[in-house]
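Residue strings, one per chain:
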Amino acid sequence: SQQGEEDPQALSIQEGENATMNCSYKTSINNLQWYRQNSGRGLVHLILIRSNEREKHSGRLRVTLDTSKKSSSLLITASRAADTASYFCATDVNNQGGKLIFGQGTELSVKP
Amino acid sequence: EAEVAQSPRYKITEKSQAVAFWCDPISGHATLYWYRQILGQGPELLVQFQDESVVDDSQLPKDRFSAERLKGVDSTLKIQPAELGDSAMYLCASSTYGLYNEQFFGPGTRLTVL
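Residues numbered from 1 in each chain as written. Chains lettered and ligands numbered in written order. Predicted model: local features only at pLDDT ≥ 70, side-chain atom pairs only at ≥ 80, totals over all residues. Heavy atoms only, no water.

Asker: Before we go on, may I ask you to explain the interface of chain A and chain B in this structure?
Answerer: Interface size is commonly expressed as the accessible area that is lost once the parts come together. In this complex, chain A contributes 24 residues to the contact, which on the side of chain B involves 24 residues. The contact between chain A and chain B buries some 1800 Å² in all, and 47% of this surface belongs to carbon and sulfur atoms. Where chain A touches chain B, the interface holds 1 salt bridge. D56(B) serves as the salt-bridge partner of K99(A), at 3.5 Å between the closest nitrogen and oxygen. Our count for the chain A to chain B interface comes out at 4 residue pairs in polar contact (both at pLDDT 80 or more). Among the elements of the structure, strand 4 (29-37), strand 5 (43-50), strand 9 (85-93) and strand 10 (100-102) of chain A are those that each provide at least two residues to the side of chain A that touches chain B. Split by residue class, the side of chain A that touches chain B holds 6 nonpolar, 14 polar and 4 charged. (Contact = heavy atoms within 4.5 Å. Buried area = accessible area lost by both parts, 1.4 Å probe. Salt bridge = Lys/Arg side-chain N within 4 Å of Asp/Glu carboxyl O. Polar contact = N/O pair within 3.5 Å; in protein donor to acceptor, adjacent residues only side chain to side chain. Helix = DSSP H or I, 4+ residues; strand = E, 2+ residues; numbered from the N terminus. Nonpolar A, V, L, I, M, F, W, Y, C, P; charged D, E, K, R; others polar.)

Asker: Got a minute to help me understand the side chain of E6(A) in this structure?
Answerer: Residue and element names in this part refer to chain A. Turning to its location among the elements, E6 is positioned in strand 1 (residues 5-7). One buried charged residue, E6, forms no salt bridge at all, with the nearest opposite charge on R36 at 13 Å. Within polar-contact distance, the side chain of E6 engages the backbone nitrogen of C89 at 3.1 Å. Not counting the four nearest positions on each side in its chain, E6 is found in contact with N22, C23, W34, Y87, F88, C89, G103, Q104, G105 and T106. (Buried < 20%, exposed > 50% of the residue type's maximum accessible area, 1.4 Å probe, protein only. Lys, Arg positive; Asp, Glu negative; His and termini not counted.)

Asker: Is there a simple way to explain the sheet that holds strand 7 (residues 61-66) of chain A in this structure?
Answerer: The pairing of strands in a sheet comes from backbone hydrogen bonds and takes either a parallel or an antiparallel form. Residues and elements named next belong to chain A. Strand order in this open sheet of 5 strands is 1-3-8-7-6, and the pairing throughout is antiparallel. In this open sheet, the two edge strands, each paired with only one partner strand, are strand 1 and strand 6 (55-58). Strand-to-strand twist in this sheet, taken as the mean axis angle between neighbours without regard to direction, amounts to 15°. In terms of strand pairing, strand 6 meets strand 7 through 4 bridges, oriented antiparallel. The partner of H57 across the bridge, within strand 7, is R62. (Pairing = 2+ DSSP bridges. Axes fitted to C-alpha atoms, helices over the stretch in contact; angles between N-to-C directions.)

Asker: Could you clarify how one ought to interpret the pattern of salt bridges in this entry?
Answerer: Enumeration over the complete set of coordinates arrives at 7 salt bridges over all chains. In this structure, the salt-bridge partner of E53(A) is K56(A), at a minimum N-O distance of 3.9 Å. In this structure, the salt-bridge partner of E83(B) is R64(B), at a minimum N-O distance of 3.4 Å. With E83(B) in the loop between strand 8 (75-79) and strand 9 (88-95) and R64(B) in the loop between strand 6 (53-56) and strand 7 (65-68), the pair connects residues that are 19 residues apart, well separated along the chain. On the accessibility criterion, R64(B) (12% relative accessible area) is buried. Ionic contacts of the salt-bridge type, sharing partners, join the residues R64(B), E83(B) and D86(B) into one network.

As structure tokens, this is what we get:
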């Protein structure tokens, strides 16, 4: 079952613009992670935010977490054509032994 | 840099045939995961191993799917017999054991069942 819901499902922007993706989930979590997947490839871990954290940065990535609203957002600043990929949020649900439940993903297209 | 290895990368088979996928996790990673990803969707966990033991196989269709990790290192996922609806990407991932761990994914095996 898919816990996370992401929106938008698809996003098309110009190079240099910012991209924001949102993720909502249903149950209590240990942490929330964001992954990127280039077409036909495996997933690459981007960033992990713990349930007691509200914001985290990594390079051009900024992730926020609002556990009261059970939602998270991923912001990619100054996007590049190489950022074109699918982005997935994944929740590490309490008492599930590290099992990740992935959302449906946001397909980001960055046009040069 | 250490990577998760998977083979084959692509597999085409006819329905009712048996298929097997292999995964070699990053050395030292105790936890190994098999996911299935249908086109346009997120990965869905099929089975999770801690060393050689299965800790979660609740979403594994046990009538046709089996998975093993005999020595707690590499792992094999088998489908017998394959059905048309099994066409998907099969991803293997590994992680160290702990509360805040990222998972490292292999390149996946793209299965097409004709």
